[in-house]
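# Report on the structure
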Amino acid sequence: APDLPHILIAEDNPVLQKITVRLVEGLCASYDVVSNGAAALEALGKAKYDIVLMDVQMPVLDGLAATRCIRKDPANADLRIIGLTASCFEEDMEDCMAAGMDQVLSKPCTKAQLVEAFTKYSCVEYRKAKDAEAPTPKLGPSSS
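Here's what I pulled together on the structure shown here.

### Topic: the nonpolar core
Residues Leu8, Leu44, Val52, Met54, Leu79, Ile81 and Met101 are the most contacted members of the largest nonpolar core, which totals 20 residues. Those elements that place two or more of their residues in this core are strand E1 (6-10), helix H2 (37-46), strand E3 (51-55), helix H3 (63-72) and helix H4 (90-99). The contact partners of Val52, leaving out residues within four places of it in the chain, are Leu8, Leu44, Leu79, Arg80, Ile81 and Ile82. Ranked by size, the runner-up nonpolar core spans 18 residues in total, among them Ile9, Leu53, Leu84 and Leu105.

### Some remarks on empty space enclosed by the protein
Taken as a whole and assessed by the stated rule, the structure comprises 1 cavity of 30 Å³ or more. What the largest cavity holds in volume is close to 40 Å³. Every residue lining the largest cavity is listed: Glu11, Leu16, Ile19, Thr20, Leu84, Lys107, Pro108 and Cys109. Per-class residue counts for the lining of the largest cavity are 5 nonpolar, 1 polar and 2 charged.

What counts as what
Residues numbered from 1 in each chain as written. Predicted model: local features only at pLDDT ≥ 70, side-chain atom pairs only at ≥ 80, totals over all residues. Heavy atoms only, no water. Core = buried A, V, L, I, M, F, W, Y, C linked by side-chain atoms within 4.5 Å. Buried < 20%, exposed > 50% of the residue type's maximum accessible area, 1.4 Å probe, protein only. Helix = DSSP H or I, 4+ residues; strand = E, 2+ residues; numbered from the N terminus. Contact = heavy atoms within 4.5 Å. 1 Å grid on protein atoms, 1.4 Å probe; cavity = no way out; pocket = protein on both sides within 12 Å on 5 of 7 lines; lining within 4 Å. Points joined across faces, edges and corners; volume = space filled by probe spheres on them. Nonpolar A, V, L, I, M, F, W, Y, C, P; charged D, E, K, R; others polar.

Just geometry here; none of it tells us what the structure is for.
Listed below in structure tokens is the structure:
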């Protein structure tokens, strides 16, 4: 079975950090949490991640600017970036996609939304259990 994805959570709000961590726990092998886009870039320079959950509005360097920087590096071509935003305006969603995000979720997102996104962007297929608590890794399409 493939490895569960390694996740980077970039979120500045401590309450939303805790909520996101609770949702991610059990869906991935490991995760790291940073509180701004500059810290996300630093973390990406030190470790390999499969998926970044990127808050759009953060201090120091926002999620859009951080995503643009990430996309400039060819080494990050396979990295999946899921934007997290409190705004549901279509224009904001378009800005996220234009910056290079693969998907945008309204926050706080649900466990079901994360299961769907993690299944889409990794080789892991999660069992769609009613409680969606425990992932059941199965062989999915390989990118190699």
